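Observations on the model geometry
If you want the building blocks of each chain, they are given just below.
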Amino acid sequence: MKKNKIIIGTMIAIIFILIVGVIFTVYVRRNDTSKPEHTIRSFETALNNDNINGMLDCIEPSEAQIIKDTISKVENITGQSLDGLIDILPFISFVSSSDLFPSYNLEVISTNIDEDESTAIVTIEATPTDKEDSESTLLDVYLIRIEDVWYIRYALPISDGENI
């Protein structure tokens, strides 16, 4: 009789742990990292830190691979890394003396995810942070979801409420 109570108690504990595990897994899969806005924030961080690989991690993998292959070919031809080339070339060194890329604040205005949750359009306001009195630009950023991760496909400026 006592063995039956132990077995039943153990079964209840296992079922409880499984239920908690399923709930946790669903929560983790739907947390902030599986939202298009997370990709925008990751891209912003990489951009503002001149992190080319970080930016490429946010771009649709097939497109990012084309860029990586191009960078690799240039590095193979020149025998220099991309960072080394930037330091060697005077006109690029001038640009990179402050930052390779201008710094931006990317504020998410709205997010529209399609019905099957495979694509999204995130409207952002891009404001340069390294210039005084600089104007913001509104952009529609088109993203695609691949294996529960959102990637940037392309972006278009918005003019007078319409895409150009």
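In what follows, the structure referred to is the one given above.
**Topic: the side chain of aspartate 140**
Examined against the element boundaries, aspartate 140 turns out to sit in strand β3 (residues 137–146). For the buried aspartate 140, no salt bridge is present, and the opposite-charge side chain at shortest range is arginine 153, 14 Å distant. A polar contact is formed between the side chain of aspartate 140 and the side chain of threonine 123, at a distance of 2.7 Å.

**A word on unusual backbone geometry**
Positive phi, normally seen in glycine, also occurs at glutamate 117, with a value near 60°. By relative accessible area, glutamate 117 is classed as partly exposed at 35%. The backbone phi angle of aspartate 148 is positive, close to 70°, even though this residue is not glycine. Within the secondary structure, aspartate 148 is located in the loop between β3 and β4 (149–159).

**Comments concerning helix α2 (residues 36–48)**
For α2, spanning 13 residues, the distance from its first C-alpha to its last is 19 Å, which sits close to the expected 18 Å at 1.5 Å a residue. Considered for burial, the residues of α2 that qualify are Pro36, Glu37, Thr39, Ile40, Glu44, Ala46 and Leu47. Buried-residue contacts for α2 involve α3 (52–57), β1 (104–113), β2 (119–128), β3 and β4. Positive phi shows up at aspartate 50, right after α2, with a value of about 50°.

How each quantity is defined
- Residues numbered from 1 in each chain as written.
- Predicted model: local features only at pLDDT ≥ 70, side-chain atom pairs only at ≥ 80, totals over all residues.
- Heavy atoms only, no water.
- Helix = DSSP H or I, 4+ residues; strand = E, 2+ residues; numbered from the N terminus.
- Buried < 20%, exposed > 50% of the residue type's maximum accessible area, 1.4 Å probe, protein only.
- Lys, Arg positive; Asp, Glu negative; His and termini not counted.
- Salt bridge = Lys/Arg side-chain N within 4 Å of Asp/Glu carboxyl O.
- Polar contact = N/O pair within 3.5 Å; in protein donor to acceptor, adjacent residues only side chain to side chain.
- Expected span 1.5 Å × (residues − 1).
- Contact = heavy atoms within 4.5 Å.

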